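Here's the letter readout for the chains.
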Amino acid sequence: MPQMSLHKELAGSGQGEAQSQPGSVETPTAGKGPGHSGIGSLMEAVVERGNLLAALRRVKQNKGSPGVDGMTVGELDTYLRENWVATRERLLLGHYAPRPVKRVEIPKSGGGGPQGGLRELGIPTVLDRFIQQAMLQVLQPILDPTFSQNSYGFRPGKSAHQAVVAARNLVAGGKRFVVDVDLERFFDRVQHDVLMGRLEQRVKDPRLLGLIRRYLEAAVLLNGVVIERHEGTPQGGPLSPLLANVLLDEVDKEMEKRGHGFVRYADDCNVYVASKRAGMRVMALLRKLYGNLKLKVNESKSAVDLATHRKILGYSMWYGPNGSVRLAVAHTTIGVMKEKVRQITGRNGGRSIEKVVEDLRAYLPGWKNYFSLAATPVVFRELDEWIRHRLRQLQLKQWKRGTTAYRELLSRETPEWVAKQAATNIRSWWRTSSQALNTAMPIRYFDALGLPSLVRTPCVIDRSR
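Bear in mind the structure is a predicted one, so any value in this text is a computation, not a measurement.

Visitor: Would you mind going over the pattern of salt bridges with me for this structure?
Guide: Any two side chains of opposite charge can pair, on the condition that their charged atoms come close. In this structure the tally under the stated criterion is 19 salt bridges. A salt bridge links Asp193 to Arg213, with the shortest nitrogen-to-oxygen separation between them at 3.0 Å. Linking Asp193 in helix H8 (residues 192-200) with Arg213 in helix H9 (residues 206-217), this pair joins segments that are 20 residues apart in sequence. Of the charged contacts in the structure, one is a salt bridge between Asp359 and Lys355, with a shortest N-O distance of 3.6 Å. Of this pair, Asp359 and Lys355 both sit in helix H13 (residues 353-370), 4 residues apart, which is roughly one turn of the helix. Its relative accessible area of 35% is what places Lys355 among the partly exposed residues. Salt bridges sharing partners connect three or more residues here, namely Arg351, Lys355, Glu358 and Asp359.

Visitor: Looking at this structure, how should I read the sheet that holds strand S3 (residues 177-182)?
Guide: Pairing between sheet strands relies on hydrogen bonds along the backbone, with the strands arranged either parallel or antiparallel. Strand order in the open sheet formed by 4 strands is S6-S7-S3-S8, and the pairing between neighbours is antiparallel. Only two strands of the sheet have a single partner each, and these edge strands are strand S6 (261-265) and strand S8 (303-306). Direction aside, neighbouring strands of the sheet carry axes that sit 20° apart on average. Where helix H11 (residues 276-292) meets the sheet, its contacts fall on S3, strand S7 (268-273) and S8, and the angle it forms with S3 comes to roughly 20°.

Visitor: Sorry if this is basic, but what is going on with the packing of helix H5 (residues 126-143) against H9 here?
Guide: Helix packing for two helices is described by the angle between their axes and how far apart those axes are. Direction vectors running N to C along H5 and H9 enclose 135°, while the axes themselves pass 12 Å from each other. On the basis of the axis angle, H5 is oblique to H9. Once H5 is placed against H9, the crossing between them reads as left-handed. For the pair H5 and H9, the contacting residues are Asp128, Ile131, Gln132, Met135 and Leu139 in the first and Leu208, Leu211, Ile212 and Tyr215 in the second.

Visitor: Sorry if this is basic, but what is going on with the nonpolar core here?
Guide: Where a protein is soluble and globular, its nonpolar side chains tend to be buried together. The biggest cluster of nonpolar side chains holds 69 residues, and the ones touching the most others in it are Phe130, Ile212 and Tyr290. With 10 residues, H5 is the largest single contributor of residues to this core.

Visitor: I would appreciate a short explanation of empty space enclosed by the protein in the present structure.
Guide: It is the rolling of a water-molecule-sized probe over the atoms that shows where space remains empty. Summed over the entire model, instances satisfying the criterion amount to 4 cavities of 30 Å³ or more. What lines the largest cavity is a set of 19 residues, and nearest its centre among them are Gln132, Tyr215, Thr233, Pro234 and Ser240. When residues of the lining of the largest cavity are traced back to their parent elements, those giving at least two are H5, H9 and helix H10 (240-257). Broken down by element, the residue count for the lining of the largest cavity peaks at 3 residues, all from H9. Counted by class, the lining of the largest cavity contains 9 nonpolar, 7 polar and 3 charged residues.

Visitor: Sorry, what's going on with the sheet that holds strand S9 (residues 311-312) here?
Guide: A sheet is described by the order of its strands in space; here 3 strands give the open sequence S9-S10-S11, paired in antiparallel fashion. Looking along the sheet, the strands with just one partner apiece sit at the ends: S9 and strand S11 (325-329). Strands S9, strand S10 (315-319) and S11 of the sheet are contacted by helix H6 (residues 160-172), whose axis makes an angle of about 30° with S10.

Visitor: Which parts of the structure should I look at to understand the pairing of S7?
Guide: Within S7, 5 of the 6 residues are buried, which leaves the element mostly enclosed by the surrounding structure. As paired elements, S3 and S7 share 6 bridges and run antiparallel to each other. Each residue of the ladder has a partner; that of Phe177, found in S7, is Val273. As paired elements, S6 and S7 share 5 bridges and run antiparallel to each other. Residue Phe262 lies in a different strand from S7, and its bridge partner there is Val271. What sits between S6 and S7 in their antiparallel hairpin is a turn of 2 residues, with Ala266 showing a positive phi close to 55°.

Visitor: What is the right way to read helix H14 (residues 377-399) from this model?
Guide: For an α-helix, the turn length of 3.6 residues means that residues three or four places apart are oriented alike. With 23 residues, H14 should reach 33 Å at 1.5 Å per residue; the first-to-last C-alpha distance of 34 Å fits that figure. At the exit of H14 stands Lys400, carrying a positive phi of roughly 65°.

Visitor: Any chance you could explain unusual backbone geometry here in plain terms?
Guide: Backbone geometry follows two general trends: most residues other than glycine have a negative phi, and most peptide bonds adopt the trans configuration. Despite not being glycine, Ala266 shows a phi value in the positive range, around 55°. Position of Ala266 among the secondary structure elements: in the loop between S6 and S7.

Visitor: Explain the confidence of the model for the protein to me, please; I cannot follow it from the model alone.
Guide: Should pLDDT be low for a region, the predicted coordinates there are not to be read in detail. Per-residue pLDDT for the protein averages 84, and the proportion of residues at 70 or more is 85%. Within the protein, S8 carries the highest mean pLDDT (98), whereas helix H1 (residues 6-10) carries the lowest (53). Of the regions scoring below 50 in pLDDT, residues 11-39 engages in 48 contacts with residues more than four places distant in sequence or in other chains.

The rules we used
Numbers given for residues are sequential positions, taken from 1 along each chain in its written order. A pLDDT threshold of at least 70 governs which residues receive local features in this predicted model, and a stricter bar of 80 or more applies before side-chain atom pairs are shown or counted, although totals over entire chains, interfaces and linings include all residues. To get the side-chain values, take all heavy atoms of the structure and skip hydrogens and water. For salt bridges, the criterion is a side-chain nitrogen of Lys or Arg within 4 Å of an Asp or Glu carboxyl oxygen. Each helix corresponds to a stretch of at least 4 residues labelled H or I by DSSP, and each strand to a stretch of at least 2 residues labelled E; elements are numbered beginning at the N terminus. Any residue under 20% of the maximum accessible area for its type is buried, any over 50% is exposed, and the rest in between are partly exposed; the area is computed with a 1.4 Å probe on protein chains only. Pairing between strands is defined by DSSP: at least two bridges between the two strands are required. Throughout, an axis means a line fitted to C-alpha atoms (over the contacting stretch in the case of helices), and angles, computed between N-to-C directions, take values from 0 to 180 degrees. Any two residues having at least one pair of non-hydrogen atoms within 4.5 Å are treated as being in contact. Note on angle classes: values under 35 degrees are labelled roughly parallel, values over 145 roughly antiparallel, values of 65 to 115 roughly perpendicular, and the remainder oblique. By definition, turning the near helix anticlockwise from the far helix through less than a right angle yields a left-handed crossing, and turning it clockwise yields a right-handed one. The nonpolar core is taken to be a set of buried Ala, Val, Leu, Ile, Met, Phe, Trp, Tyr and Cys residues, with the residues joined through side-chain atoms within 4.5 Å. For cavity detection a 1 Å grid was placed over the protein atoms alone, and a set of points counts as a cavity when a 1.4 Å probe fits there but cannot get out; an open set counts as a pocket when protein lies on both sides within 12 Å along at least five of seven lines, with lining residues being those that have an atom within 4 Å of a point. Grid points are joined across faces, edges and corners, and a volume is the space filled by probe spheres set on the points. Under the scheme applied, nonpolar residues are Ala, Val, Leu, Ile, Met, Phe, Trp, Tyr, Cys and Pro; charged residues are Asp, Glu, Lys and Arg; polar residues are all the others, including Gly. An expected span of 1.5 Å times one less than the residue number is assigned to each helix. Confidence per residue, as judged by the predictor, is encoded in pLDDT with a range of 0 to 100.

Shown next as structure tokens:
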């Protein structure tokens, strides 16, 4: 069979196939055509022209590391040009076999997660990410409308900010206690038979169901050893979040049926109640419901407590004037953020201040945007001051000698007595940098470098003058 480019195939006439809309990569028009909810029709929708082009764009946008075959995102076009026709045929016949997933371990960090420890991440091959993305774009328009409105994780039109605001509103409405549930190694403990049973109630194409099961059962490559997998859905594939929502939606619906106010984001579920006694009853119910799904509650990380004593997605809550409920950045989250800044501003990195500020520009704006709901300007101002202090200390460390520090400080219009004091105490990096360098490196100096501020709009200075 002559091989053809995926783009050539997708550029054909394709009568009866809908074109994808520019920029629409999660919910292509392929999923809206006639007959796509019937038996045996979904796999055709997966390999439809518009759907595949949208999936290809999304995979390229997401980039990501190579899988077990070493293929990069940039090499995907060439592979598809040579192999797509045969791959498409295997998909339609139900014969496609995914490659093993490469397992890597990454530090747990950010978003308020616990410090320390490692999180296991599964990296499918680029081709499998492409196919999973195409499957996601067909399944999501079918499955997502059936999910609870209290589920916010990895859904179109839903966000972490919406989840945090919904939780705050529940507390403001008198639900002062929270049942904070953490599932023990959720993505590693998902039982395939249980998940497929829930999925078969909603999806009727046996080829697509078979392919999903093969993705669930795909072997894992760890340290050069191929390991068979009989449970779990590795984090890292495009399908994993959708499959998690399919499984956990059963618990959501039971919470709704009983009239509980709750917020779920992926495998994190917070139920808000009026009393601790009510919370204990809900906790017992959740243990039973999750047990029915063969999942286990992590007792060491779960609790019934005052909502102001727990965090949600990196935020905490506090009572402001007149009993209003306000949001703050959780203390543990600030600790994670500071550790990241310490890594960027490490004293022995051998990088210039300009390069360090460039790295901070890649990190701080996203952090600031995520925590924009926090009503704690004093905390942000103190963090700004602490970051500038770190940079001043870094500069002092790079000068190394007292004579160099003395010369550099005088060139920056620092009073001579201050420069002498700094040169004498140059080894006291932290204390000296908070005194002498405030004059030599004021706020406007960092504004000119482009250092982001967490609490204000920097005054940009024209450095060419």
